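Read off the chains here:
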Amino acid sequence: MLQLVNVGHKSLGDYRTLVTRGLMEEIKRLAEPLAGARVVHVSATAFGGGVAEINYTLVPLMADAGLDVEWRIIHGSEEFYNVTKAMHNALQGDPRSLSSEDVEIFARYNAQNAADFAESDYDFVIIHDPQPAAMIDAFPQRTAKWIWRGHIDFSTPNQDVFDILLPSLRHYDASIFHMREYAPRADGLGRVVIWPPAIDPLQPKNMALSPEDAAYIIDQFGIDVERPLLTQVSRFDPWKDPLGVIDAYRDVKRRFPEVQLALIGSMAHDDPEGWEYYNRTVEHAGGDPDIYILSNMNNVGGVEVNAFQVHSDALLQKSTKEGFGLTVTEALWKARPVVAGRVGGIVAQIDNGETGWLVDSPAECAEACIEILRDPAEARLRALKGKEYVRTHFLTPRLLRDWLVLFNQLAGRDTGASDIISV
Ligand code: UDP
């Protein structure tokens, strides 16, 4: 069998004070007819990336709701991951295609993993992302309902590569995408469902942290906790625009000379592109002692990211292209003013002028920061609305509820829930 991931235990009861009673009751009602339903999540990795982040909370909560749920990881090797990385990029628009050898490798690994998978053991099989998407081809006599969860933007795929995947995707009973715009334009896909991802409000990165504890933590990094601080948490990647953030900060500094900037990004040892852009960012900062460029290499983990978010006067996510933008969700959840690029999933999260600031340039980003520093009380009101929006839309119990609605619908039960969007 495919390797099982140990997710430990979580209790839905712990989330009771964080979401509405109505939602908790709905989860209970939807879970009742699904008691004991056998569910398996299948993905390529249990570490790093959005799927892992979500599943470590979602899977134990599904179990606590009464489902018999597992999470399994497919077998792979370098030759397979090279192909799936190229496929991932192509599905998001990279013009490079796959060779016939690549296609053969993809099919072979999917067939091998399918041979190690007992589909008749399950009522619902959830396949995450493209890597294991073709396993379904090995089960023409399926007894489970198969669901494909796409976590990337399929709105402008490289058509050659998408066509390799499409025959498999057509076998699924349902496919799920983050946003309507991200669903591929293709016939014969079965049910297409849209729902956004969610964050876990109880994990170290998002749990409640007092201002004193947050200040204590960031003081360790040399930041002056008495002076204003702007922070962006992001990979060092051109689309996250750290250079534009530095330009905006310089504008702000002309009006508020005391302001400091923290750029926090996780670095992988094996990601040369990330290092190259990190170096460009350091160079652009030009040795300014008020710019702090930090990463996991400086021991900035979940709690530290939380502390920076809680302590900052404004949180930036000045992306020029974005998938969903979980950093924005996390920032809004801390009830701090958020200034973010008007792109991708960010526009689904921030209502400009109501719950945060959407910007199109470093100059607009600077203007928004200046407005926030000038009138923190007014900015705080907006930030509090942003937090409430996250509470009702982007916390894991809502995601659990959406899954329960879909399971019931696929089992032919009318749930009375009309607000998961089918297109
Ligand atoms: N993240 C982190 N430490 C860092 C940078 C990023 O923990 O130094 C996390 C961040 O908190 C978020 C995720 O990585 O949970 C990034 O997700 P997002 O959707 O914002 O962007 P992506 O990197 O997937 O494009």
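Our structure is the block above this text.
The following paragraphs examine the structure supplied in this document. Since this is a predicted model, take the numbers as computed values, not measurements. (Residues numbered from 1 in each chain as written. Predicted model: local features only at pLDDT ≥ 70, side-chain atom pairs only at ≥ 80, totals over all residues. Heavy atoms only, no water.)

**Points about the packing of aromatic side chains**
Quick reminder of the rule: Think of it this way: a Phe, Tyr or Trp ring, Trp meaning its six-membered ring, pairs with another when their centres are within 6.5 Å, and the plane angle makes it stacked under 30 degrees, edge-to-face over 60, tilted otherwise. Helix and strand assignments come from DSSP, with helices taken as H or I runs of at least 4 residues and strands as E runs of at least 2, each series counted from the N terminus. Here's how the labels work: a residue is buried when its accessible area is under 20% of the maximum for its type, exposed when over 50%, partly exposed in between, all with a 1.4 Å probe on protein chains only.
By the definition in use, this model includes 20 aromatic pairs. Relative to Y109, the ring of F80 has its centre 4.9 Å away and its plane inclined at 20°; by these criteria the two rings are stacked. Here F80 is found in helix α3 (residues 78–91), whereas its partner Y109 is found in helix α4 (residues 100–115), with 29 residues between them in sequence. By the burial criterion, F80 is buried, and Y109 matches it. Ring geometry for F154 and F177: centres 5.6 Å apart, planes at 75°, overall edge-to-face. With a gap of 23 residues between them, F154 in the loop between β5 (145–149) and α5 (159–169) and F177 in strand β6 (residues 174–177) connect regions that are remote in the sequence. Residue classification places F154 among the buried positions, given a relative accessible area of 0%. F177 sits in the buried class, given a relative accessible area of 1%.

**Concerning the sheet that holds strand β11 (residues 314–317)**
The pairing of strands in a sheet happens through backbone hydrogen bonds and is either parallel or antiparallel. To be explicit about the condition: Two strands pair if DSSP finds at least two bridges between them. Lines fitted to C-alpha atoms define the axes here, with helix axes fitted over just the stretch in contact, and angles between the N-to-C directions of these axes take values from 0 to 180 degrees. In what follows, a contact means two residues having at least one pair of non-hydrogen atoms within 4.5 Å.
What the six strands build is an open sheet, ordered β10-β9-β8-β11-β12-β13; its pairing is parallel. Both outer strands of the open sheet, β10 (291–295) and β13 (357–359), are each paired with one neighbouring strand and no more. With strand direction ignored, the average angle separating the axes of adjacent strands in the sheet is 20°. Pairing of β11 with strand β12 (residues 338–341), which is carried by three bridges, proceeds in the parallel orientation. Opposite L316, over in β12, you have V339 as the bridge partner. Sheet strands in contact with helix α7 (residues 242–255) are β8 (229–233), β9 (260–265), β10 and β11, and its direction is about 170° off that of β9.

**Some words on helix α1 (residues 21–31)**
Applicable threshold: Taken from the helix axis, the directions to the C-beta atoms give the arc we talk about.
All of the buried residues in α1 are L23, M24, E26, I27, L30 and A31. Taken end-on, α1 shows its buried residues confined to a sector of 160°, consistent with a single buried face. Seen from the buried face of α1, the exposed residues on the opposite side, beyond 90 degrees, are R21 and K28. Turning to α1, the residues buried within the fold contact α14 (396–410).

**Notes on the pairing of β10**
Most of β10 sits out of view: five of its five residues are buried. Of the pairings in the sheet, the one linking β9 to β10 comprises five bridges and is parallel in character. When the sheet's bridge partners are listed, G265 is paired in β10 with S295.

**Observations regarding the environment of W239**
Locating W239 in the fold gives a position in the loop between β8 and α7. What makes W239 partly exposed here is its relative accessible area of 48%. Sequence separation of W239 and F324 is 85 residues, and the distance between their C-alpha atoms is 13 Å.

**A short note on the side chain of R382**
What counts, and what does not: Side-chain atoms alone can form a polar contact between residues adjacent in sequence; in general such a contact is a pair of N or O atoms within 3.5 Å, and within protein one must be able to donate a hydrogen while the other accepts it.
Mapped onto the secondary structure, R382 falls in helix α13 (residues 376–393). A polar side-chain atom of R382 sits 3.2 Å from the main-chain carbonyl oxygen of G356. Excluding its chain neighbours within four sequence positions, the residues that come into contact with R382 are G353, E354, T355, G356, W357 and E371.

**Focus: the site of the ligand**
The test is simple: We call a residue near a given molecule or strand whenever any one of its heavy atoms falls within 4 Å of it. Here the open area of atoms and residues is found with the Shrake-Rupley method and a 1.4 Å probe, where only the protein chains shown may cover a residue. Classification convention: Asp, Glu, Lys, Arg as charged; Ala, Val, Leu, Ile, Met, Phe, Trp, Tyr, Cys, Pro as nonpolar; all other residues, Gly among them, as polar.
Around the ligand sit 14 residues, and of these R235, K240, S266, L326 and E330 come closest. One nitrogen or oxygen atom from the side chain of K205 is found 3.0 Å from an oxygen atom belonging to the ligand. Here the ligand has 540 Å² of accessible area as a free molecule, and 77% of this is covered by the chains. Elements with a contribution of two residues or more to the shell around the ligand: β9 and α10 (326–333). Here the residues of the shell around the ligand sort into four nonpolar, four polar and six charged.

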